[in-house]
Every structure is written in C-alpha cells, then in structure tokens.
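Chains, contacts and geometry: an overview
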Amino acid sequence: MAALRIAQDELGWLSTELMDFVANYLCMAPVAVYEVASFYNMYEMHPVGKYKITVCTNLSCTLMGAEGIAEHMKKKLGIDFGETTGDGRFTLKEGECMGACGEGPLFLVNNKRMCGSLSPEKVDQILAELE
Amino acid sequence: MANEVIFHSIHQPESWKLSSYLSTGGYETLKKVVMEKMSPEEIINQVKISALRGRGGAGFPTGLKWSFMPRHFQGDKYIVCNTDEGEPGTFKDRDIIRYNPHQLIEGMAIAAYTMGVKVGYNYIHGEIWESYERFEEALEEARVAGFLGDNLFGSDFSFNLHAHHGYGAYICGEETALLESIEGRKGQPRFKPPFPASFGLYGKPTTINNTETFASIPYIIRNGGQKFLELGKPNNGGTKIFSVSGHVNKPGNFEIGMGTPFSELLEMAGGVRNGHKLKAVIPGGSSVPVLPAEIIMDCTMDYDSLSKAGSMLGAGSVIVMDETVCMVKALERLSYFYFEESCGQCTPCREGTGWLYRIVHRIEHGKGKPEDLALLDSVTSNIMGRTICALGDAAAMPVQGMLKHYRNEFEYHIEHKKCMV
Ligand SMILES: Cc1cc2nc3c(=O)[nH]c(=O)nc-3n(C[C@H](O)[C@H](O)[C@H](O)COP(=O)(O)O)c2cc1C
Ligand code: SF4
Ligand code: FES
C-alpha cells in the first residue's frame, strides 16, 4: 500500500503501467496490485488535476455546512463532483468521514493537507494560494 | 474530572514532544514495570479492576481480552492499535496521536510486555496524513531515547512498533479487515472464529485495541485500577473522550468521567447553535440508534445508561441535531455511506445496504410509496445478525432508530412529498 501511495504521489494517479511497475518491483501479481488500488478510495485510477480536493459531505460535516461549501466550490470552479477544470488544475471529489468532524466543514488537498472550519471566504483564499 | 487521563498535558506548548511527555512522568511506568519485572497477571488484574472497556465501539472489557492471548505460546505474536477512525462523528484518536502520541506508545509497550509481544503496529486512518507524520516523528523520538527497540532499559524485553497508513476504507476499522490491510490486501473482514487471539496478523496470535484504550493503560498501571474506576462509575471505569459535532457552538473533544450527564457535556460544547432547540442526538457515532432530545437529556454518558435508553455509547461520538434537521435527509446520507463502504462479501449487507439507500433516497425525493416503511423494516431485520462483520448491523441500526422515533416524519414525506421541518 505504501508503494502505491508513493507512486501516486509522483504522477497524481495510478496508470496501468505504473501499477505494473509497482507489481514488478514488489514481485507481486499485477492483479493483486490492481485489486488493492481499486479497493481503497484514496487511490486514483483515472487522471486528476494538479490539486485534488476532496470535500467531506458526511453527516457531521453536512450539519456544519458542507453543502454550502460544496456549492460554492462547484460554482467557483465551474465543475461538479468527479470533474476536473479545463486547465487541469483542480479536481473536485466528494469524500466520506475523515475523522476530523469537529473541524467541519473541511476538505483534503491531494490526500495530505487538511483544511477545516471552512467558510466561503476561507475557501477562496486557499484556492487562490493554490493557483 | 476533566482531562485527567489522556489530555492532561494538552495545554503545554508542543505537548506531542517527548520532552513534554517526560516532564509529566512519561515512560516512568513502563520503566518501572520492566525493571521491577511486574507480573503480567498483576497488570491484567489491575486492568480488570479498572473496568476499562474497549473504546473502539464495542465496549469489550480490555483486561479480559488480554487474558485470551496465549501467554506461553512460543513464536511471534502481535499487538495492533486501531487508529482507523472513520465512523462519522468520531475524531478523538486523531487528537490523541496529534497531542499525546507518547502515551499511546507507552501504553502499547506495557501491553506488549504483558502479553509477551515483540512487535506492534498502529494502523492510522488514511485521511489524517499530518497526524500520521507526527506519530512517525514520535516513534523516532522514542526509538532514539530507548523506549522502543531491543533490550529496553537493559532488560531482556524488546518491543518494536511501526505505523501503517491506511488509504480510505471505513471497513478497515473492523479488526480483521484491518489485519488483511496490514498484510497488503483489500480490507475484507475474515470469518470469526478463529478469533485474532489465536489466528491474527500473519496467522499469529494478535490483540487489537483502540487508540484510546491503549492510551489509558499507563494511567491505570501508575495509579492502580481502582483510581481509574473511580473516575467513572462501576462497570464503566475511567474518563472517556467524547467527540461532539453538529449543531453546537463549540464542537470538539471533551474528556470527562464516565457517567457525566449529557446535559453537562452539551454545555461544555457551548450548547445548541443559534439558540435553536435540541431535536435529537446520535450518541455514539453514526452506527448507533438516534435518541430524541427528551430521552438523551435524561441520560448519563456511559455504556449502561445509553444502552438502557435504547442506543449505545459506541466510540463516544456525539452528533447533535437541532430542530431544523430533516431526519429523512440525515438518514439518507448515512445510508449512502454504508452502501458505499460495504465490502461486498456478504449478500445481506451488499444488497441490503443498497436497498436501504435507494428506499430512503426515494422517500427523500418525494417518490416514496406507502409500503416503503414496512420494506425498510424487513430489509433491516434481514441484515441484522446475518453478516460476517458488524458493518451490516451498523447500517441497519440507524434506520431502526430513526423509524422508531421519527416514523411520522417519514410518513409525512411519503404522503406530502415534502419535508415536515
Ligand atoms: C465497520 C466497523 C468499523 C470499525 N471501526 C473502528 C475504528 O475506526 N476504530 C476502532 O478502534 N474500532 C473500530 N471498530 C471496532 C473494531 O473491530 C474492534 O472491535 C476494536 O478496534 C477493538 O478495540 P477495543 O476493544 O479497544 O475497542 C469497527 C468495527 C466495525 C464492524
Ligand atoms: S457485513 Fe458487509 S462489510 Fe462486513 S464483511 Fe459482510 S459485506 Fe463486508
Ligand atoms: S463527517 Fe466530515 S470529517 Fe467526519
């Protein structure tokens, strides 16, 4: 799993060639690697933008305003969940509980950086920093 | 007794550093246990007296669980810590590894000594990368200072601990799925029996406990089980960290004695947001039945009181909902979660979670039929108790709780094709 994470950090997503490379490197059957990659939500099997932003929309975050944040981001970026902006910069995804509900609404950038207690203004500021 | 056991040093700057932990007497208990060769029986006895029950959700007595490990088994054995916190509403373990990681390490080392284990793992939830990194730093500090590694304090006791980073699968919080995941496979739960104490990680005897469970151990051994017990109430020992989220003014983690009235906890969390009225509370994470305000306001926060009220303490994850919440919509979101996270191994769960979601979805969107509520009842009873792991039950219980207390809202939705609130 760690090998796939590191591979994904390089390219942003796991192409078949990349997974075959990992399988070969670890002396595993490629199918065992595909299976792991497709089971866990944080691996990407398709290309994503430079910044993948995953918004938690589970219950606690929704009660705390995640829907408004998601709408704001969709409007601002002009994309829906599961889509990537035309310039390839941003991908927007819907996520499940990230174990940080006290700081909701929140999102995760590229699986690593968590940004919580979001307001539309704070979202704008973070997106501007990422441009 | 707030912040007595785990968050005692949270006010210190950089409380996660080894130096901070040492300044509060950290690792002295481990050293004493190892140097004075405290007997494993005595340690287990203290844990039993403390009435510490597993903080991961099921509330199984920890002392009893430890006594299942074959003590004289020669060969590899493991302990595994479950920091795969992904139950909606739960965010306490993240704060333990962010603010007091060394206490978890010390607790695991004492557990390893007790059960004759040399190697442990901590499985950390995928989405909390920054906390995972901090835990890795703490491990390194502990290794350098000689609190982890071979022949600790010059004795013949060795313990090595490694962190494992998950990658986004709620089901890996289930202990046998977690073991599969550490072994590098998809996280699909195993049939039990055999139980992990006889056939666990890599087929070896293994004990799995929650982060908060392990982190409570140093206190118990240092102060005695009785002192821990007295922080809570009989059969519900100690303090417990409650994660409060949803419609409150000050969401966050609160470590308080077991048996504290819910009303006090709500007050600590700043009360209900915008001066609204409390409608309902899910007291133990998304998998437990919801309780209406009238009932929860009379409960104390402990295993026994909440189970008497028809719900569960679970992982202590309190989701607060005010009068503006539509229960159909809330349930729709939770049902989607279980549908999405079912690992698909057992038919009642794979198909049943899909049915639950689709039915609640159509009720929410004005397409519900009068017979749908009976259908929901029947699908939940067909899931309960018929699956390999408890995710099936976890998906069915919130539905049952909602239908028990808020059936009228569902009926209203079906009849009027819109919301009551
Ligand atoms: C679907 C599912 C998810 C679970 N998620 C977690 C979790 O995130 N953290 C946890 O400690 N236990 C979780 N558990 C419970 C574990 O299987 C196990 O009972 C627990 O880690 C044992 O530790 P304890 O005795 O210290 O509570 C989950 C169980 C199920 C069925
Ligand atoms: S109950 Fe559901 S999640 Fe658990 S093993 Fe069966 S299909 Fe998988
Ligand atoms: S519900 Fe969003 S982080 Fe838990």
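The shown structure was predicted, so the numbers you read here are calculated from the model rather than taken from an experiment. (Residues numbered from 1 in each chain as written. Chains lettered and ligands numbered in written order. Predicted model: local features only at pLDDT ≥ 70, side-chain atom pairs only at ≥ 80, totals over all residues. Heavy atoms only, no water.)

1. A word on the site of ligand 2
All names here are of chain B. As a matter of local geometry, ligand 2 sits amid 13 residues, with C343, Q345, C346, C349 and C389 nearest to it. One can see that ligand 2 is located within the largest cavity. Per-class residue counts for the shell around ligand 2 are 8 nonpolar, 5 polar and no charged. (Near = heavy atom within 4 Å. 1 Å grid on protein atoms, 1.4 Å probe; cavity = no way out; pocket = protein on both sides within 12 Å on 5 of 7 lines; lining within 4 Å. Sits in = over half its atoms within 2 Å of the grid points. Nonpolar A, V, L, I, M, F, W, Y, C, P; charged D, E, K, R; others polar.)

2. Examining the packing of aromatic side chains
Counted according to the given criterion, the structure contains 20 aromatic pairs over all chains. In this structure an aromatic cluster arises from ring pairing among F39, Y40 and Y43 of chain A together with Y167 of chain B. Over the face of the ring belonging to W129 of chain B we find K112 of chain A, whose NZ or CZ atom lies 4.2 Å from the ring centre. (Phe/Tyr/Trp six-rings, centres within 6.5 Å; stacked < 30°, edge-to-face > 60°. Lys NZ or Arg CZ within 6 Å of the ring centre and 35° of its normal.)

3. Some details on the domain arrangement of chain A
Interface size, as often reported, equals the accessible area lost upon joining of the parts. Domain annotation of chain A identifies domain 1 (2–39) and domain 2 (51–130). The gap between the C-alpha centroids of domain 1 of chain A and domain 2 of chain A is 27 Å. (Domains from an automatic or database assignment.)

4. Quick word on empty space enclosed by the protein
All names here are of chain B. Under the definition given, this model contains 1 cavity of 30 Å³ or more. In this structure, the largest cavity spans a volume of roughly 90 Å³. Lining the largest cavity are 14 residues, and of these S342, C343, C346, C349 and C389 sit closest to its centre. For the lining of the largest cavity, the secondary-structure elements that each account for two or more residues are helix 15 (347–364) and helix 17 (391–416). Residues that form the lining of the largest cavity fall into these classes: 8 nonpolar, 5 polar and 1 charged. (Points joined across faces, edges and corners; volume = space filled by probe spheres on them. Helix = DSSP H or I, 4+ residues; strand = E, 2+ residues; numbered from the N terminus.)

5. Considering the confidence of the model for chain B
This prediction gives chain B a mean pLDDT of 97; 100% of its residues lie at or above 70. Predicted complex, confidence summary: ipTM 0.96, pTM 0.97. (pLDDT = per-residue confidence, 0-100.)

6. Brief notes about the sheet that holds strand 4 (residues 113–115) of chain A
All names here are of chain A. Ordered by their spatial adjacency, 4 strands build an open sheet running 2-1-3-4, and the pairing between neighbours is mixed. A strand with exactly one partner marks an edge of an open sheet, and here the two such strands are strand 2 (90–95) and strand 4. When strand polarity is set aside, the average angle formed by the axes of neighbouring strands in this sheet is 25°. When strand 1 (residues 51–56) meets strand 3 (residues 107–109), the two strands line up antiparallel, connected through 3 bridges. Considered in strand 3, the bridge of V55 is made with F107. (Pairing = 2+ DSSP bridges. Axes fitted to C-alpha atoms, helices over the stretch in contact; angles between N-to-C directions.)

7. Quick look at helix 5 (residues 66–77) of chain A
Residue and element names in this part refer to chain A. The terminal C-alpha atoms of helix 5 lie 16 Å apart, and with 12 residues this matches the ideal 16 Å at 1.5 Å per residue to within 8%. Along helix 5, the residues classified as buried are A66, I69, A70, M73, K74 and L77. Down the axis of helix 5, the smallest arc covering the buried residues is 135°, so these residues share one side. In this fold, the buried residues of helix 5 make contact with strand 1, helix 4 (59–63), strand 2, strand 3 and helix 6 (120–130). Directly after helix 5, the chain includes G78, whose backbone phi takes a positive value near 70°. (Expected span 1.5 Å × (residues − 1). Buried < 20%, exposed > 50% of the residue type's maximum accessible area, 1.4 Å probe, protein only. Arc of directions from axis to C-beta. Contact = heavy atoms within 4.5 Å.)

8. Describing the site of ligand 1
Residue and element names in this part refer to chain B. Near ligand 1 there are 18 residues, and of these G56, D84, N209, N210 and T213 occur at the shortest range. Between R55 and ligand 1, the recorded distance is 3.3 Å, taken from a backbone N or O atom to an oxygen atom. One of the backbone N or O atoms of G56 is found 2.7 Å from an oxygen atom in ligand 1. Protein chains bury 90% of the 610 Å² of accessible surface belonging to ligand 1 in isolation. According to the grid-proximity analysis, the pocket containing ligand 1 is the largest pocket. It is strand 4 (residues 206–210) that contributes the most residues to the shell around ligand 1, 3 residues altogether. (Polar contact = N/O pair within 3.5 Å; in protein donor to acceptor, adjacent residues only side chain to side chain. Areas by Shrake-Rupley, 256 points an atom, 1.4 Å probe, with all protein chains shown as cover.)

9. Quick word on the packing of helix 1 (residues 2–11) of chain A against helix 2 (residues 16–26) of chain A
Residue and element names in this part refer to chain A. Helix 2 packs onto helix 1 with a crossing angle of 145° between their chain directions and a minimal axis gap of 10 Å. With respect to the hand of their crossing, helix 1 and helix 2 are arranged in right-handed fashion. Residues A3, L4, A7 and L11 of helix 1 touch helix 2, and the partners they reach there are L18, M19, V22 and L26. For the contact of helix 1 with helix 2, the class distribution of residues is 8 nonpolar, no polar and no charged. (Left-handed = near helix turned anticlockwise from the far one by under 90°.)

10. Quick word on the layout of surface pockets
Quantified by volume, the largest pocket comes out at close to 1300 Å³. Looking at the largest pocket, it is lined by 45 residues, and the ones nearest its centre are G56, G57, A58, G173 and E175 of chain B. If one sorts the elements of the lining of the largest pocket by residue count, strand 4 of chain B sits on top with 5 residues. Residues belonging to the lining of the largest pocket are distributed by class as follows: 18 nonpolar, 16 polar and 11 charged. A volume near 690 Å³ is recorded for the second largest pocket. T57, T62 and E67 of chain A together with K329 and R333 of chain B are, among the 27 residues lining the second largest pocket, the residues nearest its centre.

11. Considerations on a nonpolar patch on the surface
A grouping of F21, Y25, L26 and M28 of chain A is seen on the molecular surface, where their side chains present a nonpolar patch of about 450 Å² in accessible area. Residue position: Y25 of chain A is located in helix 2. (Patch = residues over 30% accessible without salt bridge, like charges linked within 9 Å, V, L, I, M, F, W, Y side chains within 5 Å. Salt bridge = Lys/Arg side-chain N within 4 Å of Asp/Glu carboxyl O.)

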